[in-house]
Amino acid sequence: MDILLWLSVLMRGLVVTAQLTVVTTILTTILATALAVAQISPIRSVRLLARWDVDLFRSIPLLALFFFLFFGLGPIVGRFGIDSFWIAVLALTLSESAYLAEVFRGALQSVPVTQWDAAMSLGLGWPSVVRLVLLPQALPPSIPATVNIVIGIIKDSSLASLIAVSEVTLSATVLVAGTFRPMEVYLVLAIVYLAVIVPLSYLARYSEVVVARRLGQRPNLAGAGVETSALAASAIIVDPRAGER
Amino acid sequence: MAPVPPESNADDAGAVLEFRGLQKIYAGHRVLRGIDFAVQRGERVCVLGPSGSGKTTLLRCTNLLTEPTAGSLFFKGTSVGQWPARGRSHVNLREYRSHIGMVFQHFELFPHLTALENVVLGPIHVRKLASEHAKERGYQLLKRVGLAEKVHAYPATLSGGQQQRVAIARALAMDPAVILFDEPTSALDPEMVAEVLDLMTTLALDGMTMVIVTHETGFARRVADRLLIVDDGLIIEQGPPALIFESPTHQRTKEILAVRMRD
């Protein structure tokens, strides 16, 4: 049957999507942490630089960034064997890290300033206070929002199909070219994305409850739990990028 | 640990801390208006005064969590800074702070760390002690403040009094030359005040140098070698507690002590 053939084609694409997502997520988390920490730096120029990065990459439409890097940077780095997969990783990382940096910055700034007092009065310096006292308190509450960024990365990685990265959306487009059945193929593609993302939505929701419990606060249980429909669950999750795209 | 009793330091006389002409102006408001203040080794100084009189700012200027607007600060006879002209001296600020313990009104334990981890954070990351050694000492300190069985408990699971005792152990772990207490019992439920005051009394008997901002007049009278009465950014009266309680010379002192006595 057609559908099995389609699925096997799409699965090959999905592997690339997964690679794209994992690599981008790792780099995004690192870059976002650096950008968030830079924004609370005592050095003004460091703060400004990080601020500019965040403002810049939140303002550029991701597709425009893909095209700019692909056509602008692609021919140059291509000579060193860097293909469009890495261009896609770069574009996604620059863009998503700007959003995640805002999440982390908010979390860092929500750590009471008196924690600084306590840490500094022990004689700890700025980098140690950030590393030992601030980040360990700020990052766990950011986990649910981070999972949502990962969901965003998976969805946004579909744009990589437009710069010839053979991820799952491009696989579907190739199938359409062969079958002339766009409606059905793209429906299957949508289901594939749904099958990946809905569990992640649950994970985001679940992590929210776990984190809230760990922090000793009462989690907002309204709408949580298995009895809730997947769509309702994903609607509850606060998307830090809501209204910006 | 084991602070040296003051008697054995007669030859080591001299102020651990000394402020001359300390002023602090916050947004045009003169919080401290010229304070001269010295703490001798092994001395227990209690600071009394109404809310907003500048007591907390005095402590925060002492370990430079707040930068003074004017004045000079000396630590064991060495200049730490002179304001406004020169600012902080070349002394290492972090090194200086590591010798000045601080206990806060709201404990300010690190919530992501256990009691023991809170206590050993400074020794490991500031004093660079080996982890095992620091933990052994940390355990001894927690035992000393009566929390041997709470070594691995997180702050959120401890009572206010227990948290404050961990905070005191955290300060002690740095072997400070002096510990500053900023209203250490003000945030506690009444039934927990005693356990913290008892611990502080023990420290005082051990010869620890302490500066204590407090509203606990009974404690101040029992423990202090010297009282400072602070009002509106100035020290209006100071001396041995017996003298100040029996015959205060300043009308404001009578009012301040009267209010506190009624509490």
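Bear in mind the structure is a predicted one, so any value in this text is a computation, not a measurement.

Draft legend 1. Region of the structure containing the pattern of salt bridges. Residues and elements named next belong to chain A. Enumeration according to the criterion identifies 17 salt bridges over all chains in this entry. A salt bridge links glutamate 102 to arginine 51, with the shortest nitrogen-to-oxygen separation between them at 3.6 Å. One end of the pair, glutamate 102, is in helix H4 (residues 84-109); the other, arginine 51, is in helix H2 (residues 44-59), with 51 residues separating them in the sequence. Taking the relative accessible area as the measure of exposure, glutamate 102 reaches 17% and is therefore buried. By sharing partners, the salt bridges in this structure join Arg51, Asp55, Arg58, Glu102 and Arg105 into a single network.

Draft legend 2. Geometry of the packing of aromatic side chains. Residues and elements named next belong to chain A. Enumeration over the complete set of coordinates arrives at four aromatic pairs over all chains. An angle of 75° between the planes, with centres 5.0 Å apart, marks the rings of phenylalanine 70 and phenylalanine 71 as edge-to-face. In this structure phenylalanine 70 comes out as partly exposed when scored by relative accessible area, which is 24%. Take phenylalanine 71: its relative accessible area is 57%, and that puts it in the exposed class. For the ring pair phenylalanine 85 and tryptophan 86, a centre distance of 5.3 Å and an interplane angle of 80° mean the geometry is edge-to-face.

Draft legend 3. How the structure looks around the confidence of the model for chain A. All names here are of chain A. Averaged over all residues, the pLDDT of chain A is 86; the fraction at 70 or higher stands at 87%. Highest mean pLDDT in chain A belongs to H2 (96); lowest belongs to helix H9 (residues 230-236) (35). For the stretch residues 217-245, pLDDT sits under 50, and the model shows 40 contacts to residues farther than four places along the chain or on other chains.

Draft legend 4. Highlighting unusual backbone geometry. Residue and element names in this part refer to chain B. Across the junction of tryptophan 83 and proline 84, the peptide omega takes the value -5°, indicating a cis bond. For proline 84, the position within the fold is in the loop between strand E5 (78-83) and strand E6 (87-88). Although it is not a glycine, lysine 128 sits at a positive phi angle of roughly 60°. In this fold, lysine 128 is placed in the loop between helix H3 (115-125) and helix H4 (131-144). Even without being glycine, glutamate 183 reaches a positive phi, approximately 45°.

Basis of the calculations
Residues numbered from 1 in each chain as written. Chains lettered and ligands numbered in written order. Predicted model: local features only at pLDDT ≥ 70, side-chain atom pairs only at ≥ 80, totals over all residues. Heavy atoms only, no water. Salt bridge = Lys/Arg side-chain N within 4 Å of Asp/Glu carboxyl O. Helix = DSSP H or I, 4+ residues; strand = E, 2+ residues; numbered from the N terminus. Buried < 20%, exposed > 50% of the residue type's maximum accessible area, 1.4 Å probe, protein only. Phe/Tyr/Trp six-rings, centres within 6.5 Å; stacked < 30°, edge-to-face > 60°. pLDDT = per-residue confidence, 0-100. Contact = heavy atoms within 4.5 Å.

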